[in-house]
Amino acid sequence: MQKISLNIPQPDITYDIEFLKTFSELEKNLKSQINGRNYIIITDENVFSKTAFFQNIKKSFLEENRILVLKPGEEEKTWSSIDKILEKSFKLELDRSSVFVAIGGGVIGDMTGFAASLFMRGVPVIQVPTTLLSMTDSSVGGKTGIDNKHGKNLVGAFMQPEKVICVQAFLETLPKVEIQNGLGEMIKHGIIASPNHFKHIKNTSKFWNQDEFLQQIFQLVPESVKIKKNIVEQDQKEAGIRGFLNLGHTYGHAIEQLSDFKIPHGRAVAIGCILATQKSISENLCDENLIKTLEEIFTLFEIDTKCEFKMDKILNAMTHDKKKKNGKIRLILPLEIGKVKYFDLQ
Ligand code: GLY
């Protein structure tokens, strides 16, 4: 089994991110990780109804009454869901020696991590991400939280998981747009830190729309996780370089918002990367050809990078972004594949 160890020196936190192929491997691994502790599993209706992992639950060690199935979707990322998780945990008589398990995408992972940070002032959480996006991004690094009327992820806590378990079999039930959402993040990792990773992702495009693609792309998830791990180890709380992971996201969040969240996250990040590159070119920070390189890779995965919103509207929506620094909007601009820098908009 392949695994990556993440170590944050201060405070000293170490955990593994493991990569498995099948649900039977997951079951064995989860059983040994829970290791007799009292537990709660939090998932959503989509994952619960569509994945063979939960369909075979009666044959597994998991007890059905310990599974809380929430409604899917970003609009469920609220205090009310956190309340449901906490209530169920009290009903199950969980205590400080218990463990929370998130089996879902970013919304489930973020909420479960946040609820775990609150329950009895903090219990461990195991993250089992079920989307390509949550495997490569949100399950690793300990950012947890909920949305409120002021914006996305504005209330939360840093709560590093006890373990992250990525399982290829979860990818098989995902719609294409979910795979594209994950690809958006993985390509972003390549642009931030690794021309090789960028090239490897591009190479998998030969298998796009073929069954083999999922296996090919899953093999590259550890490369993405390593890039994120290296950044989080140096800067858990985003005082510096962790902000590089926001490449494409400041523009991207504004675009998602302007489209009433009809533009999916992967496409919004892709458009964000193109807009950041255009800005970088206009500031003479990178070569003009970088735009073509980025458009080419996104197009190979059928991610449309055309932006239908005017820049003044995007900038206006961006002023509400939490990635502001001293009142200024802070962008991440690419210099070349594998290299980015901060840029404060004046
Ligand atoms: N998703 C960006 C980060 O974890 O910092």
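Data block above holds the structure.
Residues numbered from 1 in each chain as written. Predicted model: local features only at pLDDT ≥ 70, side-chain atom pairs only at ≥ 80, totals over all residues. Heavy atoms only, no water.

1. Regarding the nonpolar core
Here is a general trend for soluble globular proteins: nonpolar side chains tend to be buried in one another's company.
Move 1: In terms of nonpolar packing, the biggest core is built from 91 residues, with Ile17, Ile103, Phe170 and Leu183 touching the most fellow members.
Move 2: Considering each element in turn, this core owes the most residues, 9 residues, to helix H12 (residues 265–282).
Move 3: Not counting chain neighbours up to four residues away, the residues in contact with Ile17 comprise Gln2, Lys3, Ile4, Leu6, Val140, Val164, Cys166 and Val225.
Move 4: By size, the runner-up hydrophobic cluster in this structure holds 22 residues, among which are Ile40, Leu92, Ile108 and Val125. (Core = buried A, V, L, I, M, F, W, Y, C linked by side-chain atoms within 4.5 Å. Buried < 20%, exposed > 50% of the residue type's maximum accessible area, 1.4 Å probe, protein only. Helix = DSSP H or I, 4+ residues; strand = E, 2+ residues; numbered from the N terminus. Contact = heavy atoms within 4.5 Å.)

2. Section: the site of the ligand
Move 1: In the region of the ligand, the neighbouring residues are Asp137, Lys143, Lys228, Glu238, Arg242 and Leu245.
Move 2: Separating an oxygen atom of the ligand from a side-chain N or O atom of Lys143 is a distance of 2.9 Å.
Move 3: Taken by itself the ligand offers 200 Å² of open surface, and the protein chains cover 88% of this.
Move 4: Split by residue class, the shell around the ligand holds 1 nonpolar, no polar and 5 charged. (Near = heavy atom within 4 Å. Polar contact = N/O pair within 3.5 Å; in protein donor to acceptor, adjacent residues only side chain to side chain. Areas by Shrake-Rupley, 256 points an atom, 1.4 Å probe, with all protein chains shown as cover. Nonpolar A, V, L, I, M, F, W, Y, C, P; charged D, E, K, R; others polar.)

3. A look at empty space enclosed by the protein
Move 1: One pass over the structure, following the stated rule, counts 1 cavity of 30 Å³ or more.
Move 2: If you add up the space inside the largest cavity, you get close to 30 Å³. (1 Å grid on protein atoms, 1.4 Å probe; cavity = no way out; pocket = protein on both sides within 12 Å on 5 of 7 lines; lining within 4 Å. Points joined across faces, edges and corners; volume = space filled by probe spheres on them.)

4. Remarks on helix H11 (residues 249–258)
Move 1: Burial runs high along H11: 8 of the 10 residues are buried.
Move 2: Among the residues of H11, His249, Thr250, Tyr251, Gly252, His253, Ala254, Ile255 and Glu256 are the ones counted as buried.
Move 3: Tucked inside the fold, the buried residues of H11 contact strand E8 (151–158), helix H7 (176–193), H12, helix H14 (311–318) and strand E11 (328–336).
Move 4: After H11 finishes, the residue Asp260 shows a positive phi value of roughly 55 degrees.

5. Side note on helix H13 (residues 289–300)
Move 1: A rise of 1.5 Å per residue sets the reference length of H13, with its 12 residues, at 16 Å; its end C-alpha atoms lie 17 Å apart and thus fit the reference within 8%.
Move 2: Taken together, the buried positions of H13 are occupied by Leu290, Ile291, Leu294, Ile297 and Phe298. In an axial view of H13, the angular spread of the buried residues amounts to 140 degrees, which keeps them on one side of the axis. Of the exposed residues in H13, the ones pointing more than 90 degrees away from its buried face are Lys292 and Thr299.
Move 3: For H13, the elements touching its buried residues are H7, helix H8 (195–204), H12 and E11.
Move 4: Backbone geometry just downstream of H13 places Glu302 in the positive-phi region, at approximately 55 degrees. (Expected span 1.5 Å × (residues − 1). Arc of directions from axis to C-beta.)

6. A closer look at unusual backbone geometry
Move 1: In this model, Gln10 is joined to Pro11 through a cis peptide bond whose omega is -5 degrees.
Move 2: Tracing the backbone shows Pro11 in the loop between strand E1 (2–8) and strand E2 (13–20).
Move 3: Located in the positive-phi region is Asp260, a residue other than glycine, with phi close to 55 degrees.
Move 4: Positive phi outside glycine occurs at Glu302, with the angle close to 55 degrees.
Move 5: You can see Glu302 is positioned in the loop between H13 and H14.
Move 6: With relative accessibility at 41%, the residue Glu302 sits in the partly exposed group.

So yeah, pure geometry; function would need other evidence.
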